[in-house]
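Take a look at the letters that make up each chain.
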Amino acid sequence: MIELHCHTTCSDGTLTPSELVASAAAAGITALAITDHDTLSGWPEAHEACLRHGLELIPGLELSTVHNGSSLHILGFYPDPVQLAPFLEERHAARVRRAGRIVGRLAELGYPIAMPSVPTPGRFHIASALKQAGYVTDEQDAFRRWLGEGKPAYVPYEHLSAEEGIRRLRECGAVTAWAHPLLFRGGSVEEVLPALAASGLQGIEVYHSEHTPRQSARLAELARQWGLVVTGGSDFHGDNKSGVSLNMLQLPLTLLGPIKRLAGVPAAV
């Protein structure tokens, strides 16, 4: 079984890379992608843990971009870390600035909190800080009241178009796929996909913890029509995302072959 979309404490998950690998192995996963937001920092620890547990590591990330004024995430598998590092340093700085602006807006609204002391602060960390301060009973309430798109404390990403994000990932050798396309709020998949495909998008996340079987079938047909590889994953965040468990989708290893071929990675590594 395979998981192609998971997060660790290097972005907004609650398990360290080592803990995630151990949990994945216990859940029956044999190939695991680490796709933290805008960072590759979890790879080394995950690699060592995969060696210990006998898992295949699929190095990846989830890049935060904007399309039609809404957040759109691009998964990148097998990028060259040396080539990608300078660009991600810029994006990391942008994430820190964004978190600071969100904290500032919350203070203006009468809900002051300290900036979360984590390497890559994001909205989940801010939501946890709001819970710890007693302003909400759970993190999802913080998103509903202040942090979700269109809410009073929401701050958009510093602009990086989806087209530019795809181009930068492709330049670094990554295989690109549109993450959880049915969660995108800036247009239907059918409306947006032509522009992304024209920019070099290579895949689409057909299977996701928030996609119904009927929706996945629709996305699979679009992947066929556009000649895109099919990816899938639970989008596991640990305790930061309730109702989502590792291997909940029971996805087969056959999903990995087409991705490897595009990346130029040997079938057996």
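- An unreviewed UniProt entry lists the protein under the name PHP domain-containing protein, with Gloeobacter morelensis MG652769 given as the organism.

With respect to the overall build of the protein
No. 1: A count of helical and extended segments in the protein gives 9 helices and 7 strands.
No. 2: Relative to the compact-globule value of 18 Å for 269 residues, the protein shows a C-alpha radius of gyration of 18 Å, a close match.
No. 3: Taken over the C-alpha atoms alone, the protein extends approximately 55 × 45 × 40 Å along its principal axes.
No. 4: Expressed as a percentage of the 269 residues in the protein, the buried residues total 54%.
No. 5: Long-range contacts, defined here as pairs at least 24 residues apart, represent 70% of the contacts in the protein between residues at least 6 apart.
No. 6: Accessible surface for the protein amounts to roughly 11200 Å². Of this, 54% is attributable to carbon and sulfur atoms.
No. 7: Positive and negative charge centroids in the protein, built from 22 and 28 side chains respectively, lie 4 Å apart.

Focus on the packing of aromatic side chains
No. 1: For the structure shown, the criterion picks out 4 aromatic pairs.
No. 2: Plain terms: the ring middles of Y111 and W146 are 4.4 Å apart, the flat faces sit at 45 degrees to each other, and that makes the pair tilted. Separated by 35 residues along the polypeptide, Y111 in the loop between α3 (81–108) and α4 (123–132) and W146 in helix α5 (residues 139–147) bring together distant segments of the chain.
No. 3: A ring pair is formed by F124 and F143, whose centres lie 5.2 Å apart and whose planes are at 50 degrees; its orientation type is tilted.

Remarks on unusual backbone geometry
No. 1: At N68, a residue that is not glycine, the phi angle is positive and equals roughly 55 degrees.
No. 2: Tracing the sequence through the fold places N68 in the loop between β3 (56–67) and β4 (70–77).
No. 3: Here Y78, not a glycine, exhibits a phi torsion of approximately 60 degrees, which is positive.
No. 4: Tracing the backbone shows Y78 in the loop between β4 and α3.
No. 5: According to the relative accessible area criterion, Y78 is buried, its value standing at 13%.

Topic: α5
No. 1: Burial in α5 covers these residues: E139, D141, A142, F143, W146 and L147.
No. 2: Buried positions along α5 lie against α3 and α4.

Points about the pattern of salt bridges
No. 1: For the structure on display, the rule yields 12 salt bridges.
No. 2: Here E56 ties to K260 by a salt bridge, and the two come within 2.6 Å at their closest N and O atoms. Note that E56 is positioned in strand β3 and K260 in helix α9 (residues 256–263), a separation of 204 residues in sequence. In terms of burial, E56 and K260 fall into one category: buried.
No. 3: Two residues, E164 and R167, come together in a salt bridge whose shortest N-O distance is 2.6 Å. Placement of both E164 and R167 in helix α6 (residues 162–171) is noted, with a separation of 3 residues, approximately one turn of the helix.
No. 4: Several salt bridges share partner residues, and in doing so they unite D138, D141, R144 and R145 into one network.

Let's talk about the nonpolar core
No. 1: L72, L84, W178, L196, L201 and I204 are the most contacted members of the largest nonpolar core, which has 28 residues in total.
No. 2: Those elements giving two or more residues to this core turn out to be β3, β4, α3, α6, α7 (189–198), β6 (203–208) and α8 (213–226).
No. 3: Those residues within four positions of W178 in sequence are excluded, and the remaining contacts are L72, H73, I74, F184, V189, V192, L193, L196, L201, G203, I204 and E205.

Digging into the UniProt feature "domain: Polymerase/histidinol phosphatase N-terminal" (unreviewed entry) in the protein
No. 1: In the numbering used here, UniProt assigns the feature "domain: Polymerase/histidinol phosphatase N-terminal" (unreviewed entry) to residues 2–67.
No. 2: Helix makes up 32% of residues 2–67 and strand 27%. Its end C-alpha atoms lie 29 Å apart.

Conventions and cut-offs
Residues numbered from 1 in each chain as written. Predicted model: local features only at pLDDT ≥ 70, side-chain atom pairs only at ≥ 80, totals over all residues. Heavy atoms only, no water. Helix = DSSP H or I, 4+ residues; strand = E, 2+ residues; numbered from the N terminus. Rg over C-alpha atoms; globule rule 2.2 N^0.38 Å. Buried < 20%, exposed > 50% of the residue type's maximum accessible area, 1.4 Å probe, protein only. Contact = heavy atoms within 4.5 Å. Areas by Shrake-Rupley, 256 points an atom, 1.4 Å probe, with all protein chains shown as cover. Lys, Arg positive; Asp, Glu negative; His and termini not counted. Charge placed at Lys NZ, Arg CZ, Asp CG, Glu CD. Phe/Tyr/Trp six-rings, centres within 6.5 Å; stacked < 30°, edge-to-face > 60°. Salt bridge = Lys/Arg side-chain N within 4 Å of Asp/Glu carboxyl O. Core = buried A, V, L, I, M, F, W, Y, C linked by side-chain atoms within 4.5 Å. UniProt positions renumbered as here; feature names shortened; annotations may be inferred.

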